[in-house]
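Secondary and tertiary structure notes
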Amino acid sequence: MTNTTVEPDEATRLRNKVVDELRAGGDISSSEIEAVMRKVPRHAFIPDTPLDKAYDTYAAVITKTDEHGVQLSSVSAPQIQAMMLEQAQVKPGMRVLEIGSGGLNAAYLAELVGEDGDVVTVDIDPVVTERAQRLLDEHGYGRVRVVTADAAEPIPELGEVDVVMVTAGAWDIAPAWTAQLKQGGRLVVPLRMRGLTRSVAFTQIPGEHGPYLESVSALICGFVPMQGSTAHREELLLVNGTPEIGLKFDDGLPADPHRLDNAVTFPRHELWTGVVIGLSELIDTLQMAMAISLPGFCTMAVDEDLDTGLVAPVNKRFALAAVEDDTFAYLVTRRTEDNKHIEYGVHALGPNAKQFADQVADVLRDWEASRRGGPSPVIRVYPANTSDDLIPADRVIDKVHSRVSLSWPSA
């Protein structure tokens, strides 16, 4: 156990080092967020964590797992917290609802809203809320209201808020979140769309047929998934009926998944696309281009203990993939001769491997020609009963409570 009161000078040094890195990297751009992240002692809200791990700029700290080791609660990495606070644009005097408690982020929010503002933090797990309440009280943030509840339901006596900040991975947008949001208010949520998670900052827009949400920014992130009534699990398709190759679908399996049963009995077709990127270049828009353009988009994972080499993704835990009828394909990369770039390729298996590989390669080449380095798709969220003619979209994702549309901005 680390006694965080023994090394205040070291904790302060590490905290300032983190903030300096985030400022230099552009994750922090406002003086207000810089100030609160320098002030609030991060290590005090994760007291059983060594200082070097508490102040790892890009790593979350897991605070609770279940009996199978599945992560249930965490304190997000400083980089993610700074990014989402910038997206939220919290000002003095605002009322903020945080969904997903831990204590630390609520302390940041309390500093940002000041004495004239209000922060309510909610979590479904009483162990988490008890811990958050204790830590907030111990460190001078007793004015934060901590509530144990399923935040998919309206929070009693909350009223309207300026900002709803969700700090757990969400697959759907609960109607209660927008119902409690002031007109023109801001919702910041790690939203999962077709297996890809983005921290999306939405503003509420008044529409002719009712309000809807429209994205202001969308940034790559990862979060512990939501629990409760809005929890949602991906569906797993085991190719060839074995655990070796798993395809994960976020919005339902293919209509006839057994069509893929014999795909791995065909020779693997390999195609290199000529699409080359830098080693550290962001591929968020490439991921979204595949998710939008390919109806059978999914992700692929390979069990390393059972791996026979039928497929050869670079990352065996997460590869971008897609299915069309009786054939599936996935992306691969290789270093270029100068060792400073990587080239994208496509592997496909099934009776129509060549044709499907060409189709996936065309998506990559179209991204390179028209989307690379450009803005992310505009994400809009409408009520579930909204008709198609009212939704401008390149791709619509139907969820339980909402319809999510993805549209590329005009050139």
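The protein chain has the name Protein-L-isoaspartate O-methyltransferase in an unreviewed UniProt entry, where Streptomyces violaceoruber is given as its organism. On record in UniProt, under Subcellular location (unreviewed entry), the comment for the protein chain is "Cytoplasm". Quoted verbatim from the Sequence similarities (unreviewed entry) heading of the UniProt record, the comment on the protein chain is "Belongs to the methyltransferase superfamily. L-isoaspartyl/D-aspartyl protein methyltransferase family."

**With respect to the pairing of strand S3 (residues 95-99)**
Counting buried residues along S3, 4 of its 5 residues qualify, which places the element largely inside the surrounding structure. Examined bridge by bridge, S3 and strand S4 (residues 118-123) share 5 bridges and lie parallel to one another. Within S4, the residue paired with Leu97 across the bridge is Val120. This β-α-β element, S3 to helix H5 (residues 104-113) to S4, shows right-handed connectivity.

**Overview of the sheet that holds strand S19 (residues 402-407)**
Across the sheet, which stays open at both edges, the 10 strands sit in the order S5-S4-S3-S6-S7-S8-S9-S17-S19-S18 with mixed pairing between neighbours. Because the sheet does not close on itself, it has two edges, and the strands there are strand S5 (145-148) and strand S18 (395-398). The sheet shows a mean angle of 20° between the axes of neighbouring strands, direction not considered. Pairing between strand S8 (residues 196-205) and strand S9 (residues 212-220): 8 bridges, direction antiparallel. Residue pairing across strands places Ser199 opposite Leu219, the latter belonging to S9. Lying over the sheet, H5 contacts S3, S4 and strand S6 (161-166), oriented at roughly 165° with respect to S4.

**A few points about the environment of Gly350**
Following the sequence through the fold, Gly350 ends up in the loop between strand S16 (341-349) and helix H9 (353-370). Note: C-alpha distance between Gly350 and Arg42 (308 residues apart in sequence) is 51 Å. Non-local contacts of Gly350, meaning those with residues more than four positions away in its chain, are made with Ala263, Phe266, Asp326 and Thr327.

**What to know about unusual backbone geometry**
If you check the backbone angles, Gln89 has positive phi at about 55° while not being a glycine. As for its position among the elements, Gln89 is in the loop between helix H4 (78-88) and S3. Classification of Gln89 by relative accessible area gives partly exposed; the value is 43%. Its identity as a non-glycine residue notwithstanding, Asp325 has a phi of 60°, on the positive side. Structurally, the position occupied by Asp325 is in the loop between strand S14 (319-324) and strand S15 (327-335).

**Let's talk about the packing of helix H8 (residues 284-293) against H9**
Where H8 contacts H9, the two axes come as close as 10 Å, and the packing angle between them is 135°. Viewed along their axes, H8 and H9 adopt a mutual orientation that is oblique. Helix-helix and strand crossings are classified by hand; for H8 and H9 the assignment is right-handed. Facing Thr285, Leu286, Ala289, Met290 and Ser293 of H8, the residues of H9 in contact are Val360, Val363, Leu364 and Trp367. Split into classes, the residues belonging to the contact of H8 with H9 amount to 7 nonpolar, 2 polar and no charged.

**Here we look at H8**
Of all 10 residues making up H8, 9 are buried, and the element is well covered by its neighbours. Among the residues making up H8, those that are buried are Asp284, Thr285, Leu286, Gln287, Met288, Ala289, Met290, Ala291 and Ile292.

**Looking at the pattern of salt bridges**
Summed over the entire model, instances satisfying the criterion amount to 25 salt bridges. The salt bridge partner of Glu34 is Arg38, with a shortest N-O separation of 2.9 Å. One end of the pair, Glu34, and the other, Arg38, are both in helix H2 (residues 31-39), 4 residues apart, so they sit about a helical turn from each other. On the accessibility criterion, Arg38 (24% relative accessible area) is partly exposed. For the salt bridge of Arg259 with Asp326, the shortest nitrogen-to-oxygen distance reads 3.9 Å. Of this pair, Arg259 sits in the loop between strand S11 (245-249) and strand S12 (269-278) while Asp326 sits in the loop between S14 and S15; the two residues are 67 residues apart in sequence, bridging distant segments of the chain. On the basis of relative accessibility, which here comes to 41%, the residue Arg259 falls in the partly exposed class.

**As for the sheet that holds strand S13 (residues 297-302)**
Reading across the sheet, the 7 strands line up as S10-S11-S13-S14-S15-S16-S12 and stay open at both edges, with antiparallel pairing between neighbours. Two strands in the sheet have a free side with no partner beyond their single neighbour: strand S10 (235-238) and S12. This sheet shows a mean twist of 35° between the axes of neighbouring strands, independent of strand direction. As paired strands, S12 and S16 are joined by 7 bridges and run antiparallel to one another.

Rules used throughout
- Residues numbered from 1 in each chain as written.
- Predicted model: local features only at pLDDT ≥ 70, side-chain atom pairs only at ≥ 80, totals over all residues.
- Heavy atoms only, no water.
- UniProt positions renumbered as here; feature names shortened; annotations may be inferred.
- Buried < 20%, exposed > 50% of the residue type's maximum accessible area, 1.4 Å probe, protein only.
- Helix = DSSP H or I, 4+ residues; strand = E, 2+ residues; numbered from the N terminus.
- Pairing = 2+ DSSP bridges.
- Right-handed = clockwise from strand over helix to strand, strands pointing away.
- Axes fitted to C-alpha atoms, helices over the stretch in contact; angles between N-to-C directions.
- Contact = heavy atoms within 4.5 Å.
- Parallel < 35°, antiparallel > 145°, perpendicular 65-115°, else oblique.
- Left-handed = near helix turned anticlockwise from the far one by under 90°.
- Nonpolar A, V, L, I, M, F, W, Y, C, P; charged D, E, K, R; others polar.
- Salt bridge = Lys/Arg side-chain N within 4 Å of Asp/Glu carboxyl O.

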